[in-house]
Amino acid sequence: MNFKYILLVLIACAISVGSFSQEKKKTREEVLNMTMEEMSSLPLEELMDLMDIVGVSSLEELYDLLLNKDVTSASKKEESLFDSPLSTTVLSKEEILSSGATSVEEALRLVPGVVVREKANGVYDVQIRGGQNMPMNNMLIYTENTTTLVMIDGRPVFNYGMGGILWETLPVSLGELDRIEVVRGPSSALYGPNAVNGVINLITSRVNDDTPVVSANFQGGSQKTYIGDFNLRKRFNDIISGGLSYYYENRDRNTDKIYAIADDAFLDLETYGGRNASEGWSNDIVSELFFDSERSKRKMGINGYLDMNFNSDVSVNLTGGYSDAEAISSTFGDNPTPYNQRCSYGYFVNMASSIYGFNLQASTNHVLQDFNKGHKGWVQATEQYNASLDYLLSFNKLGIRPGISYQSVYYDDRDHIDNIGDGYFNDRVALRNYAASARFDYTPTEKLRLVAALRYEKYNVPDQWKPSYQFIGSYKINDNNLFRVVYSRANQSTFMINAFSNYTWNRDGLGSPEYVHFAGSDDPSLMTMDMIEIGFRTRPSKRVLIDIEAFYNSASDFSALMPDSMRSVTFMGDNTLDYANGEYTKTTLYTSHRSLDIESKQMGVSLSADMVVSEKLQLKAHMTFQQTKVTDLMDLSRNQVAYMQVSQYQGQMTDDITAFLTYMATGGLAGSPIPPQNAYSSDLQQDKSEFIDMDNEAIPSFWGSLGVTYKPVKKLDISAQGYYYSNSSMYTQYDNDSSRPANPEYTGEIDGKFILNAKVNYKLTDQINVFVNGRNILNNDKQEFMFMDDIGGIYLAGFNISL
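Just so we're clear, the structure is a prediction, and the values are computed from it rather than from any experiment.

**Some remarks on the sheet that holds strand β7 (residues 155-156)**
Pairing between sheet strands relies on hydrogen bonds along the backbone, with the strands arranged either parallel or antiparallel.
Okay, so step 1: Across the sheet, 5 strands lie side by side as β3-β8-β9-β6-β7; this open sheet has mixed pairing. The two strands at the open ends of the sheet, each matched to only one other strand, are β3 (87-92) and β7.
Okay, so step 2: With 6 bridges joining them, β3 and strand β8 (residues 177-184) adopt antiparallel strand pairing. Residue pairing in the sheet places L91 in a bridge with I180 of β8.

Structural data, given as C-alpha cells:
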C-alpha cells in the first residue's frame, strides 16, 4: 500500500529533524491545554516552572485549572465543565490519544452514559443511555440509534434518509480533533430535532502560535488495520490561518463468512450463494451484494479550513471537505442475511462567523449514498442545507439568546434507476423545517442559576408546529459542590422513509412474498421524549472530581413499517388466471409506515470519577445502570402479522383480478401498487389481548469503564482501560418458523463482555512518539451486536509526529 510507504518516509524525515531539535519553553496556553496525565508525569522542578508560567501559587491551583475544563455544547457558550448545568463530558485530544482509541466511536467508551458495541472491525453501534430496538419485533433498521444528534463544529451530520448516524461517513479523523463534547439527555431545545437522547459535538483544532506546522499519525496491525492522518497548518499573519488534512482508514473483518438467518449460522459465500431459491440467493446475486466480504471498512477524505479573525468583534471560519467511505453493517432492508454493505461519497462546505455578537452558521452537504449495496433502488443523491443565527443579549443577571434556523434535506434517486418505479422514492423528495428559539439564563444570586430554553419547529411533513423545551435549575452549594435539576422535552424529525417510501421490492428467488411494497405517510408521527434528571457534581479534594446523575424519561409517538394487506394471484404458463391448477403464484405484501400506541419508559443512574492519585498515576472511571420498559407492545412480529393475513384472509386476496392482470401487462409491479385491502393489523389494534408490557433489554442494564494512566518516567506513558457491559437481548421479526405461537422470543441474545485495552507510548523527542496499541488484548472474541461478527483482539504499532 503506497500510503504505508509514504508514512514510513515521513517518520524517517521527522526523526532526523527531531533529533536536532531543542525543547522550547511552554506558553501559558500550552500549559492550560495540558492534560492531568501529562501534568502528573512531570518531576517537581518542572511543575514549579509551569506554576510560574500560569501564575498560580500552588500545585493545587494548577490541578484545579486542569480539572475544570471549558465546555461550549451544554449552553452554547464557553463555561467551566464544573459549572455546566447539564450532564456533560469533555474528552480532550490528549485523553483520546493517550487511551489508544482508534476511532471517534471507540473514544466514546470513555464517556459516562454512552454504550458502544462493535459490529465488525471498526464499525460500531453507539447509544446514549438507550432507546434502541423500538419498536420491537420488526426489521433491523429499528435497532439503529436514531435519537442522538452528532455534529462537527456545530454542523449536523445526521442521516435523514433512514434516521441515525452513518458513523463510517463522518468526514473527520481523530488527528483533526481538539476535543469531543457530549451532552446527555434531550437537547432539541438547543440544537433542534433528533437531539433526543443527547448531543455529540466533534470540535476540530484551530491554529495558534504554538500549533505544529506538520503533524502525522499512523498505526497499523492485525486484520489489515491501517489508520492514518496527515495535517498541514499555518498561521499566515495575525488575521488569517488555515490548514489541510488527509485521512485514511482500512480494516478487514476477522472472517469472510456471512450470517444466514434461515440457518442461524455463518456460511461462506459459495455455500450461501448455492442454496435453493426459497432459502437464499444465487451466487451472482451474492457477488453483487458483497463486493468484498473480507473488508469491514474503508474510509478516506481530505478537509481544508480557513480562519479569519479580523478583530475581537468579527471572525469567520470556512471549512470544506470530500470523503469516500464504505462499510459492512447491519441491514436497513429485509434480507435473508442481516448483513449489508453501504457506500457513500461527497463533499461538505461550512461557514461559521461571529459578527458583533451575532453568531451565524450555514452549511451544505452533498453526498451520493448506496444504502443497500446490490439492491436496485437504494442509490440516492442527497443534499442538505442548514442555517442558524443567534445573538446573546445581556442584562445584568439575565442573558437571553434568541435564534432562528432553517433546514432543508433532499433525496433524489431518479438518475440512478432504469425506470420510474424501480427506486425507493422515484422522485426528488424534500423535508424542510423552520425554527425559532430562545434561551434564558438567569443568576439571581451567586449560587443559584435558572435556565430555560424554548424552541418551536415548523415541519413540512407533517404540516405542523412542534415544541421542545428545557428547564434547568442549578445551585452551587460552595466552590466544590453543585446540585442541578433538569426537565426537558425533545422530538425526532420525520425521516424520508417514513414520509416518502414508494418502493416495490422484487424478491425474485427469495420465496414468498415475491413482492413487498413500502409506502410512506404524509402525516407521520414524531417520536417525543420527556426527561427529568437530578445531578450532583462534587470535588471532595482538588485531585478528585465526581459526577452523579439520575434520570427518568418517557418516550411515545413511535412509528414503524407494518403490514397492511397481502394479495396473491395464480398464473398459468400463458399468463391467464386459473384458480384450480395454476403453475405459479405471485404474492404482494403491502406495508406502510404507521403510528404505534406504545410507550418506552427508562430510568437509570450514571456515576463518573476522575482522580489524580499522584504525580505519576491517574484514574478515570464511570458506570451506568438503566432499565427500560415498553407498554402496549404488539405481541406479534411483523412477519407473524403477514402470516396471519395469509391464513385468515386467503379467500379475499384475489379480488379485482382484471385490474391486477392489466397492471401486470403494463409493467408488472414497477408502477403504483393496487390499493391494499383487508388491513389485518388495524383489526389487531382493536384486540388489546394481543398487546403486552415487557422489558426492553436491547441495551445492557449495566456498563462501565475503568482507566489507568501511569508514567513511571518522563518519556514513558502506559495507559489501560477495562470496559464492560452486561447481557442484552433484541427482538426482531426474524425467525425460522413464521407459524410459531404468537409469543416473542429472543432472536438476538448478546452475552456480557469485558474488553481490556492498553497502549504504551514512548516519547523519542518533543516531536515524535512511538507506541504499541492493543484493543481487546485478551482476545475476548464474543459477538457484541446481534447477528454480526465475533470481535477479537486488534494489535497495532504506530507513531505521532508534530513538527
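More follows now that the structure is in view.
**As for the environment of I203**
Okay, so step 1: Here I203 lies in strand β9 (residues 198-204).
Okay, so step 2: In this structure I203 comes out as buried when scored by relative accessible area, which is 11%.
Okay, so step 3: C-alpha of I203 to C-alpha of E181: the two residues are 22 residues apart in sequence and 7.7 Å apart in space.

**Examining unusual backbone geometry**
Okay, so step 1: Omega for the bond connecting M134 with P135 falls within 30 degrees of zero, at 0°, which places this linkage in the cis form.
Okay, so step 2: Topologically, P135 is positioned in the loop between β5 (123-128) and β6 (148-152).
Okay, so step 3: In this structure, the amide linkage connecting V461 to the following residue, P462, adopts the cis form with an omega of -5°.
Okay, so step 4: Relative to the helices and strands, P462 resides in the loop between β23 (448-459) and β24 (464-478).
Okay, so step 5: The backbone of K224 shows a phi angle near 50°, a positive value even though the residue is not glycine.
Okay, so step 6: Assignment of secondary structure puts K224 in the loop between β10 (214-221) and β11 (225-235).

**Section: the packing of aromatic side chains**
Okay, so step 1: Taken as a whole and judged by the stated rule, the model has 21 aromatic pairs.
Okay, so step 2: Measuring from ring centre to ring centre gives 6.2 Å for Y385 and Y410, while their planes differ by 75°; the resulting arrangement is edge-to-face. With Y385 in strand β19 (residues 379-391) and Y410 in strand β21 (residues 398-412), this residue pair connects regions lying 25 residues apart in the sequence.
Okay, so step 3: Between F702 and Y724 the ring centres are 6.2 Å apart and the planes differ by 40°, which places this aromatic pair in the tilted class. Within this pair, whereas F702 is found in strand β35 (residues 702-710), its partner Y724 is found in strand β36 (residues 716-725), the two being separated by 22 residues in sequence.
Okay, so step 4: A residue is classified by how much of its surface remains accessible, and F702, at 21% relative accessible area, is partly exposed.
Okay, so step 5: The ring of F785 has K119 sitting right over it, with the charged end atom 4.8 Å from the ring centre.

**Describing a negative patch on the surface**
Okay, so step 1: The grouping of D256, D268, E270 and E294 at the surface amounts to a negative patch.
Okay, so step 2: Mapping E270 onto the fold places it in helix α9 (residues 269-273).
Okay, so step 3: The class for E270 is exposed, based on a relative accessible area of 66%.

**Quick word on the nonpolar core**
Okay, so step 1: One finds L108, I180, I200 and L202 to be the most contacted residues of the largest nonpolar core, which totals 107 residues.
Okay, so step 2: Take this core: its biggest share by element is 5 residues, from strand β30 (residues 558-571).
Okay, so step 3: The contact partners of L202, leaving out residues within four places of it in the chain, are V104, M151, I152, D153, L170, V172, L177, R179 and I180.

**Considerations on a nonpolar patch on the surface**
Okay, so step 1: The grouping of F440, L454, F471, Y475, I477, F483, V485, Y487, I532, I534, Y552 and M603 at the surface amounts to a nonpolar patch, some 1,000 Å² of accessible area in total.
Okay, so step 2: Summarising the element assignment, Y552 is placed in strand β29 (residues 544-556).
Okay, so step 3: A relative accessible area of 33% places Y552 in the partly exposed class.

**Some details on the pairing of strand β41 (residues 794-802)**
Okay, so step 1: In the sheet, β10 pairs with β41 via 7 bridges, with the strands oriented antiparallel. Within the sheet, the bridge partner assigned to F218 lies in β41 and is F799.
Okay, so step 2: In the sheet, strand β40 (residues 768-775) pairs with β41 via 8 bridges, with the strands oriented antiparallel. Its bridge partner lying in β41, V772 is registered against A797.

**Remarks on the environment of T204**
Okay, so step 1: Turning to its location among the elements, T204 is positioned in strand β9.
Okay, so step 2: Owing to a relative accessible area of 13%, T204 belongs among the buried residues under this scheme.
Okay, so step 3: The spacing of T204 and D153 is 51 residues in sequence and 6.6 Å in space, taken between C-alpha atoms.
Okay, so step 4: Setting aside residues up to four positions removed in sequence, T204 forms contacts with I152, D153, V172, E176, L177 and D178.
Okay, so step 5: A polar contact is formed between the side chain of T204 and the side chain of D153, at a distance of 2.7 Å.
Okay, so step 6: A polar side-chain atom of T204 sits 3.0 Å from a polar atom in the side chain of R206.

Criteria and cut-off values
- Residues numbered from 1 in each chain as written.
- Predicted model: local features only at pLDDT ≥ 70, side-chain atom pairs only at ≥ 80, totals over all residues.
- Heavy atoms only, no water.
- Pairing = 2+ DSSP bridges.
- Helix = DSSP H or I, 4+ residues; strand = E, 2+ residues; numbered from the N terminus.
- Buried < 20%, exposed > 50% of the residue type's maximum accessible area, 1.4 Å probe, protein only.
- Phe/Tyr/Trp six-rings, centres within 6.5 Å; stacked < 30°, edge-to-face > 60°.
- Lys NZ or Arg CZ within 6 Å of the ring centre and 35° of its normal.
- Patch = residues over 30% accessible without salt bridge, like charges linked within 9 Å, V, L, I, M, F, W, Y side chains within 5 Å.
- Areas by Shrake-Rupley, 256 points an atom, 1.4 Å probe, with all protein chains shown as cover.
- Salt bridge = Lys/Arg side-chain N within 4 Å of Asp/Glu carboxyl O.
- Lys, Arg positive; Asp, Glu negative; His and termini not counted.
- Charge placed at Lys NZ, Arg CZ, Asp CG, Glu CD.
- Core = buried A, V, L, I, M, F, W, Y, C linked by side-chain atoms within 4.5 Å.
- Contact = heavy atoms within 4.5 Å.
- Polar contact = N/O pair within 3.5 Å; in protein donor to acceptor, adjacent residues only side chain to side chain.

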